[in-house]
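Residue strings, one per chain:
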Amino acid sequence: EYMKYKDPKLAINVRIKDLMSRMTLEEKIGQMVQIDRTKASNKVLKKYLIGSVLSGGGSVPAKRASAETWVDMVNDFQKGSLSTRLGIPMIYGIDAVHGHNNVYGATVFPHNVGLGCTRDPALVKKIGAATALEVRATGIPYVFAPCIAVCRDPRWGRCFESYSEDHTIVQAMTEIIPGLQGDIPANSRKGVPFVGGKQKVAACAKHYLGDGGTNKGINENNTIISANGLFSIHMPAYYNSVIKGVATVMISYSSWNGVKMHSNRQLITGFLKNRLKFRGFVISDWQGIDRMTTPEHANYTWSIITGVNAGIDMIMVPYNYTEFIDGIIPLVKGKFISMTRIDDAVRRILRVKFGMGLFENPLADYSMAKYLGKKEHRELAREAVRKSLVLLKNGKYADKPLLPLSKKAPKILVVGSHADNIGNQCGGWTIVWQGKSGNITTGTTILSAIKKTVAPETKVVYRENPDAKFVKNNKFSYAIVVVGEPPYAETFGDSLSLTIPETGINTIKNVCGAIKCVVVLISGRPVVIEPYISQIDALVAAWLPGSEGQGVADVLFGDYGFTGKLARTWFKNVDQLPMNVGDSHYDPLFPFGFGLTTKP
Ligand SMILES: OC[C@@H]1[C@@H](O)[C@H](O)[C@@H](O)c2nc(CNc3ccccc3)cn21
């Protein structure tokens, strides 16, 4: 029969009010629960009234699953939610942090560390729009992106997820949010979540607050900084995100001056909700409330009370959802958590779901499958790769630049662990959580791009790690050396040494010691390179370019000029860290903003 909340002609506030008035405590609590897909099913969603499901890094319905398989999985979960008493649709979330990176065949864009070097917010907005289409192709309406961390120490394992050490660049790159969600209508109230229809997705500004400022870059650790420092460096991009209508904000595992962010009521409720007027929902990180205690999960009751009372609206449980539900219900009944707090959380979640049209379009179809890995998106990614490259050295003598390389050299040598390896050029959060070396998805390796770019008569010889004799005795005009960091994510990426693996250094020495070489560095951050600079003729920072390696060859061979500028200080040695632009003591190998250019 007719119920106001089901009527799309009514104002969202009217629909929320009507629905809230009908909901039991169990139905309200269910909306606050997000579980991993491995624990979800049509039956579980129906029985426990779960409001959200996620794919953790690399969690897929099947290896190399097609868009249609994804759609079928999401729809099956959704039908469970739609069959509940009130039929509130669930929202499925996934980390699409550089394209739809969990999905085989999706376009993999450069990671944020490279995008910051483009200084091109309009480009990043287009990347958001393309990503939204590829995510919707798989029936998913919500992404845990963008990460708007301001990484202040490259020893942090997640520094590659940060656009820059300079918050103003991070602020500019929040343009990805209207790309993902759509432009907010001119007269809409600031802070209200906005998602413009079935070709757009809800976004998530993360991780609030100060994730990029932890001590020595230790992941999930302590950000020791004054309130002034926190608000001037780590907060600004959240203003931009809220003004642009970001639908959700994810809380950081890290602490500020010893206080866990997941417990920080002043910053979550006091500032983000009450001062910035953020009206979307706040989501915890994975087991974020468990990790409020040491050891984690040591006092789950306290974690639930403190996390929910701090202002967390949706809990990424993700596995022990019965423990959470059975834990929180008595806490509300016993007034440890007020009904007002629960209603605020549910209202925010419903506002996002109503606002994005999820009640009207809860189920996906196969009509958007064609967007996954679409040629136009790969061309956009290729452009982003071109603009992200930073030329740090171009020839041992200023009047003898090595780049752009000749396409007509008779014979050239390509070497290195990262030259013919899609997995290595994509980095972490690709196909699997940590990323993986090898032929893990579709795309163009740097080697195949080089082969496509040089003249047909040019001979391209590839050796992953040749010895010096081979290099010397084969009359190569020059060598392209592609080496760098292996893929990593989160704590696995934390490094105090910031060296690249020995093999890569070996390759540089063997090759650059014998013939003219251009080193293309694949890394998630500045790494130790100073000791080898004198042996290297030309040096390119390529960051983590993603699936479209053609963009690297486009610029190496002069079809396009180098334009990228460092968005991060390149240190001389790790003893200098942390060292950021503006610091009183600033003695970099290459300063923030540095980047040589070449003419196309
Ligand atoms: O994938 C969901 C979230 C992601 O959006 C956050 O940015 C990230 O902090 C995040 N981490 C995990 C899983 N972390 C984890 C760490 C150690 C063991 C198991 C899981 C999930 N997520």
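Located above this text is the structure these notes cover.
A brief look at the structure comes next.

Reading the values: the criteria
- Residues numbered from 1 in each chain as written.
- Predicted model: local features only at pLDDT ≥ 70, side-chain atom pairs only at ≥ 80, totals over all residues.
- Heavy atoms only, no water.
- Helix = DSSP H or I, 4+ residues; strand = E, 2+ residues; numbered from the N terminus.
- Contact = heavy atoms within 4.5 Å.
- Near = heavy atom within 4 Å.
- Polar contact = N/O pair within 3.5 Å; in protein donor to acceptor, adjacent residues only side chain to side chain.
- Areas by Shrake-Rupley, 256 points an atom, 1.4 Å probe, with all protein chains shown as cover.
- Nonpolar A, V, L, I, M, F, W, Y, C, P; charged D, E, K, R; others polar.
- Axes fitted to C-alpha atoms, helices over the stretch in contact; angles between N-to-C directions.
- Left-handed = near helix turned anticlockwise from the far one by under 90°.
- Pairing = 2+ DSSP bridges.
- Salt bridge = Lys/Arg side-chain N within 4 Å of Asp/Glu carboxyl O.

Here R386 lies in helix α15 (residues 375-388). Here R386 is in contact with G551, D554, V555 and Y560, once residues within four sequence places are set aside.

Turning to the site of the ligand, a few remarks are in order. Near the ligand you find 17 residues, and of these D95, R158, H207, D285 and E490 are the closest. Within the side chain of D95, an N or O atom sits 2.5 Å from an oxygen atom of the ligand. A distance of 2.7 Å is found between an oxygen atom of the ligand and a side-chain nitrogen or oxygen belonging to H207. Protein burial of the ligand: of its 480 Å² of free accessible surface, 82% is covered by the chains. Each residue belonging to the shell around the ligand can be placed in one class, and the counts come to eight nonpolar, three polar and six charged.

What follows is about the packing of helix α6 (residues 121-137) against α15. The relative placement of two packed helices is expressed as an angle between their axes plus a distance between the axes. Put simply, α6 and α15 touch, their axes get as near as 10 Å, and they point 145 degrees apart. For the crossing formed where α6 meets α15, the hand is left-handed. Facing α6, whose interface residues are L123, K126, I127, A130, L133 and E134, α15 presents H377, L380, E383, A384 and K387. Its residues assigned to classes, the contact of α6 with α15 comprises six nonpolar, one polar and four charged.

Taken together, the six strands give an open sheet; going across it, the order is β12-β17-β16-β15-β13-β14, and neighbouring strands pair in mixed fashion. Two strands in the sheet have a free side with no partner beyond their single neighbour: β12 (390-394) and β14 (459-463). Along the sheet, successive strands turn relative to each other by an average axial angle of 20 degrees, direction set aside. Relative to strand β16 (residues 517-522), strand β15 (residues 479-484) runs parallel, the two sharing six bridges. For A479, the partnering residue across the bridge sits in β16 and is C517.

Here the focus is the pattern of salt bridges. Under the counting rule described, the total for this entry stands at 31 salt bridges. The salt bridge involving E220 is made with R291; its shortest N-O contact spans 3.1 Å. Taken together, the positions of E220 in the loop between β5 (204-208) and β6 (222-223) and R291 in the loop between β10 (281-283) and α12 (300-310) put the pair 71 residues apart, joining distant regions of the chain.

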